[in-house]
Amino acid sequence: MEFITGFTPELTVKSPGRINLIGEHTDYNLGYVLPTAIENQITFKLRKNGSVNKCNLYSLTYNTGFTLDLNKISRSEIEWENYILGVLNEISKLTDGVKGFDCTVESNLPTGSGLSSSAALECGLAFGLNELFGLGLSKMDMVKLSQIAEHTYVGTQCGIMDQFASVMSKEGHVILLDCKSLEYDYVPIDIRPYRIILLNTKVSHNLASSEYNTRKQECQEGVDIIKQKHPEISSLRDVTLDMLMPFKAEMSQTVFNRCSFIIEENERVLAMTEALKSDRLKEAGDLLYEAHGGISKLYEVSCPESDFLVDFSKGYDTVLGARQTGGGFGGCTLNLVHEAGIDEFVTAATKAYKNAFAIDLEAFEVRPSGGTSVVV
Ligand code: GLA
């Protein structure tokens, strides 16, 4: 099939990936997160094609495309198509305003690297169609429908963080998001002379989706046990460590570990926010290391490659802290590195990582950036 890829677009939209400074796996436990969009993004070029139902989508990055009929949307065997189909399916529940369109997507956001290329794809499409067809959806409509698309069409029972960060981020800030009330605050992040350096492990262990859903169930199991004596709680957000302790004998060690990680991680998000506001960067770094310890030992969503890089960073005075960012089982570690020490640290990490895993590390700096927007 011939795809028209070089058309003159009516609209160009860019939709960013994200990092999460701290607060991992807390979103679906209705806790706090501290993400921001980054400059790496997916670019969408869109035009109406005059047909009622026919849509053509093409990935310039992967040189593959497909055509779909808006009246016959169902899940595909091909993974990336499900992000598109899921979004269209959710939009169709809110409006019948979408008609035939052509769309190309091009990404400089590495997939499977824990930087949420999924949310960038979902939210960018929702945002683009909203603009192109004047659908009147709010930003929160787009965030929520993209999250549901991931549940129903992709099969990951994700929280709201990635979609929220992709759409709502503001340059130079992280977002303190309360995933229970959905209230949020933009927290300025000025960590000079330190920089945020990502080290991409280039592994994405394929356990990620099934283990993700298992973690969610384990947390729910914890909530169900605690609820028997505390009927007022509805999520781990409502539980303190003091409340959890008496239930240690009633839950498996695994469920206890999962619950204690989430409770402590919520506390770390609030502590990190205060540390950033008062320029206590050493403390911010320590919180990252603590968080990684929990990610690895209590929540068990790390992997040897991420653990190796976080441990390696501890040998450098120029690194304040590091941890794996995102859903887990690989992807990127996030490192706060003094600008004078970046080259030395990255060179040494690259060499050590290659020796240990025979993989070429990829390192890049990211800056807190704005959310999904129209390119003018
Ligand atoms: C993935 C999910 C998010 C969040 C993170 C872990 O990125 O999509 O909702 O749960 O993992 O913090």
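Model, not experiment: these values are computed from the prediction.

Participant: Quick one: what's the story with the layout of surface pockets, residue by residue and with numbers?
Facilitator: What the largest pocket holds in volume is close to 1200 Å³. Together, 49 residues line the largest pocket, and Glu79, Tyr83, Gly112, Ser117 and Ser118 are the ones closest to its centre. Sorting the residues of the lining of the largest pocket by element identifies helix H1 (79-94), strand E6 (101-107), helix H2 (117-133), helix H3 (139-154), helix H4 (161-168), helix H5 (208-227) and strand E11 (330-338) as the ones contributing at least two each. The residue makeup of the lining of the largest pocket, split by class, is 17 nonpolar, 25 polar and 7 charged. If you add up the space inside the second largest pocket, you get close to 300 Å³. Along its surface, the second largest pocket is lined by 15 residues, and Ile189, Glu365, Val366, Arg367 and Pro368 are the ones closest to its centre. Among the secondary structure elements, those contributing two or more residues to the lining of the second largest pocket are strand E9 (194-204) and strand E12 (362-366). If you tally residues by element for the lining of the second largest pocket, the top one is E9, at 3 residues. Split by residue class, the lining of the second largest pocket holds 6 nonpolar, 2 polar and 7 charged.

Participant: Could you give me a rundown of the packing of H3 against H4, with the residues and numbers involved?
Facilitator: Closest axis-to-axis distance for the H3/H4 pair is 9 Å, and the angle between their directions is 145°. Considering how the two elements wind past one another, H3 and H4 form a crossing that is right-handed. Residue-level inspection shows Lys139, Met140, Val143, Ser146, Gln147 and Glu150 of H3 in contact with H4, the latter providing Gln163, Phe164, Val167 and Met168. Partitioning the contact of H3 with H4 into residue classes produces 5 nonpolar, 3 polar and 2 charged.

Participant: Give me the lowdown on the sheet that holds strand E2 (residues 32-33), citing residues and values where you can.
Facilitator: An order of E2-E7-E8 is seen for the 3 strands of this open sheet, with the pairing classed as antiparallel. Edge positions in the open sheet fall to E2 and strand E8 (184-188), since each of these has one partner strand only. By the bridge criterion, 2 bridges tie E2 to strand E7 (residues 173-178) in an arrangement that is antiparallel. Counted as the bridge partner of Val33 is Leu177 from E7.

Participant: Explain the site of the ligand to me, and be specific about the residues and the numbers.
Facilitator: The full set of residues close to the ligand is Arg18, Glu24, His25, Asp27, Tyr28, Cys158, Gly159, Met161, Asp162, Tyr212 and Gly327. One nitrogen or oxygen atom from the side chain of Arg18 is found 3.0 Å from an oxygen atom belonging to the ligand. Coverage of the ligand by the protein chains reaches 93% of its 310 Å² of free accessible surface. Of all the cavities here, the one that holds the ligand is the largest pocket. Its residues assigned to classes, the shell around the ligand shows 4 nonpolar, 3 polar and 4 charged.

Participant: Just give me the short version of the packing of aromatic side chains, but keep the residues and values in it.
Facilitator: Taken as a whole and judged by the stated rule, the model has 12 aromatic pairs. Taken together, the aromatic side chains of Phe308, Phe312, Tyr316, Phe345, Tyr353 and Phe357 make up a single cluster linked through ring pairs. Lying over the aromatic face of Phe256, Lys248 brings its terminal NZ or CZ to 4.9 Å of the ring centre.

Participant: A description of the pairing of E7 should follow, citing residues and the corresponding values.
Facilitator: Here E7 lies mainly inside the structure; 6 of its 6 residues are buried. Where burial is concerned, the two faces of E7 agree: the one with His173, Ile175 and Leu177 and the one with Val174, Leu176 and Asp178 are both buried. Pairing between E7 and E8: 5 bridges, direction antiparallel. Note on E8: the bridge partner recorded for His173 is Pro188.

Participant: Summarise the packing of helix H7 (residues 253-277) against helix H8 (residues 281-298); cite the residues concerned and give the values.
Facilitator: One way to put it is that H7 packs onto H8 with a least axis distance of 10 Å and a crossing angle of 165°. By the angle between their axes, H7 is roughly antiparallel relative to H8. The interaxial crossing formed by H7 with H8 has left-handed handedness. For the pair formed by H7 and H8, the contact residues are Asn257, Arg258, Ser260, Phe261, Glu264, Glu265, Arg268, Ala271, Met272 and Ala275 on the first element and Glu283, Ala284, Leu287, Leu288, Glu290, Ala291, Gly294, Ile295 and Leu298 on the second.

Participant: Give me the side chain of Ser166: which residues, what numbers.
Facilitator: With respect to the helices, strands and loops of the structure, Ser166 is situated in helix H4. By relative accessible area, which is 1% here, Ser166 ends up buried. Here Pro16 takes part through its backbone oxygen, which lies 2.9 Å from a polar atom of the side chain of Ser166. If sequence neighbours within four positions are ignored, Ser166 has contacts with Ser15, Pro16, Ala119, Ala120, Cys123, Gly371 and Thr372.

Participant: How would you sum up the environment of Met251? Please name residues and give values.
Facilitator: Within the secondary structure, Met251 is located in the loop between helix H6 (241-244) and H7. Residue classification places Met251 among the buried residues on the basis of a relative accessible area of 7%. In this view, Met251 contacts Gly222, Ile225, Ile226, Leu244, Phe256 and Cys259; residues no more than four positions away in its chain are not counted.

Scoring rules and cut-offs
- Residues numbered from 1 in each chain as written.
- Predicted model: local features only at pLDDT ≥ 70, side-chain atom pairs only at ≥ 80, totals over all residues.
- Heavy atoms only, no water.
- 1 Å grid on protein atoms, 1.4 Å probe; cavity = no way out; pocket = protein on both sides within 12 Å on 5 of 7 lines; lining within 4 Å.
- Points joined across faces, edges and corners; volume = space filled by probe spheres on them.
- Helix = DSSP H or I, 4+ residues; strand = E, 2+ residues; numbered from the N terminus.
- Nonpolar A, V, L, I, M, F, W, Y, C, P; charged D, E, K, R; others polar.
- Axes fitted to C-alpha atoms, helices over the stretch in contact; angles between N-to-C directions.
- Left-handed = near helix turned anticlockwise from the far one by under 90°.
- Contact = heavy atoms within 4.5 Å.
- Pairing = 2+ DSSP bridges.
- Near = heavy atom within 4 Å.
- Polar contact = N/O pair within 3.5 Å; in protein donor to acceptor, adjacent residues only side chain to side chain.
- Areas by Shrake-Rupley, 256 points an atom, 1.4 Å probe, with all protein chains shown as cover.
- Sits in = over half its atoms within 2 Å of the grid points.
- Phe/Tyr/Trp six-rings, centres within 6.5 Å; stacked < 30°, edge-to-face > 60°.
- Lys NZ or Arg CZ within 6 Å of the ring centre and 35° of its normal.
- Buried < 20%, exposed > 50% of the residue type's maximum accessible area, 1.4 Å probe, protein only.
- Parallel < 35°, antiparallel > 145°, perpendicular 65-115°, else oblique.

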